[in-house]
Amino acid sequence: YPSLYLKGNWGGGFFYRSPYTAMGLDGKLMVSLGASDDLIVYDPATDSVEQISAKSDLIKSIKPWSMFKGLVPSSEKETVWYKANASYQNIVCDPWKNCYYRFFSLPAENTSGDKPLGIIIFDSNMKKLGECLVKCDMRLDSTCFFVSEDGLYIRVVSSSEDELEFACFDVYD
């Protein structure tokens, strides 16, 4: 984990500790962590690790729960804290457009609502091209997605247990 994880209590649940991974266009492993502005990039050819900036301009700060004071994992208080905080999520490789997308979420307006979803777009050299908030009338699950030549598909949350529905986004529009 990056050193910022040593400077506070990030909870015991999976909100900020789950690594999101993707294989890069160049064969390097990319890791995105919820509280870190940077991506960790591992090159198996050289056995080297580097951190590269992948920050959203819309995220001013991500605050730990406390400076090591108690937080019960998977508690309601932990969920409220997480929803009031921004976070980074998946890093996604798009081989059709030769680019990357990094998901992030902003604080929820209230604890019963979803956190607004955003996407940062990077070129193949991880130069930031832009970012946007996802505007969609449907509720999305950013943990379930895929990329095709048509665009970035994100799962639409529904009450059906028998069907999966995805919304397609062309982030260049």
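Everything discussed here concerns the structure shown above.
What counts and what doesn't
- Residues numbered from 1 in each chain as written.
- Predicted model: local features only at pLDDT ≥ 70, side-chain atom pairs only at ≥ 80, totals over all residues.
- Heavy atoms only, no water.
- Helix = DSSP H or I, 4+ residues; strand = E, 2+ residues; numbered from the N terminus.
- Core = buried A, V, L, I, M, F, W, Y, C linked by side-chain atoms within 4.5 Å.
- Buried < 20%, exposed > 50% of the residue type's maximum accessible area, 1.4 Å probe, protein only.
- Contact = heavy atoms within 4.5 Å.
- Pairing = 2+ DSSP bridges.
- Phe/Tyr/Trp six-rings, centres within 6.5 Å; stacked < 30°, edge-to-face > 60°.
- Lys NZ or Arg CZ within 6 Å of the ring centre and 35° of its normal.

A.B. asks: Help me out: how do you make sense of unusual backbone geometry in this one?
C.D. replies: Excluding glycine, residues mostly have negative phi values, and the peptide bonds linking residues are mostly trans. Of note, aspartate 47 is a non-glycine position whose phi angle comes to about 55°, a positive value. Assignment of secondary structure puts aspartate 47 in the loop between strand S3 (38–43) and strand S4 (48–53). With phi around 65°, methionine 126 is a residue other than glycine that occupies positive phi space. Relative to the elements of secondary structure, methionine 126 occurs in the loop between strand S7 (117–123) and strand S8 (128–133).

A.B. asks: Where do I start with the nonpolar core in this structure?
C.D. replies: The nonpolar side chains of soluble globular proteins are, as a tendency, buried together. Judged by nonpolar contacts, the single largest core of 27 residues is most densely connected at Trp10, Tyr16, Leu39, Ile59, Ile62, Tyr100 and Met126. Among the elements of the structure, strand S2 (29–33), S3, helix H1 (76–83), strand S5 (87–94), strand S6 (99–105) and S7 are those that each provide at least two residues to this core. Discounting residues that sit within four places of it in the chain, tyrosine 16 has contacts with Tyr5, Trp10, Gly34, Ala35, Ile62, Trp81, Tyr82, Asn85, Ala86, Ser87 and Lys115.

A.B. asks: Is there a simple way to explain the pairing of S3 in this structure?
C.D. replies: Remember that side chains alternate between the two faces of the sheet whenever the strand is regular. Where S2 lies against S3, four bridges are found, and the strand directions are antiparallel. Looking at the pairing, leucine 29 lines up with tyrosine 42 of S3. Two successive antiparallel strands, S2 and S3, enclose a turn made up of four residues. Judged from the six bridges that link them, S3 and S4 form a sheet pairing that is antiparallel. Its bridge partner lying in S4, valine 41 is registered against glutamate 50. Counted along the chain from S3 to the antiparallel partner S4, the turn is four residues long, and its residue aspartate 47 has a positive phi close to 55°.

A.B. asks: Could you clarify how one ought to interpret the packing of aromatic side chains in this entry?
C.D. replies: The description of an aromatic ring pair rests on the distance of the ring centres and on the angle between the ring planes. Under the criterion given, the structure shown has five aromatic pairs. Judged by centre distance (4.6 Å) and plane angle (5°), the ring pair of phenylalanine 146 and tyrosine 153 falls under stacked. Accessibility expressed as a relative area gives 36% for phenylalanine 146, which makes it partly exposed. Among the aromatic residues, those joined into a ring-pair cluster are Phe146, Tyr153 and Phe166. Stacked on the ring of tyrosine 82, the Lys or Arg lysine 115 has its end atom at 3.5 Å from the ring centre.

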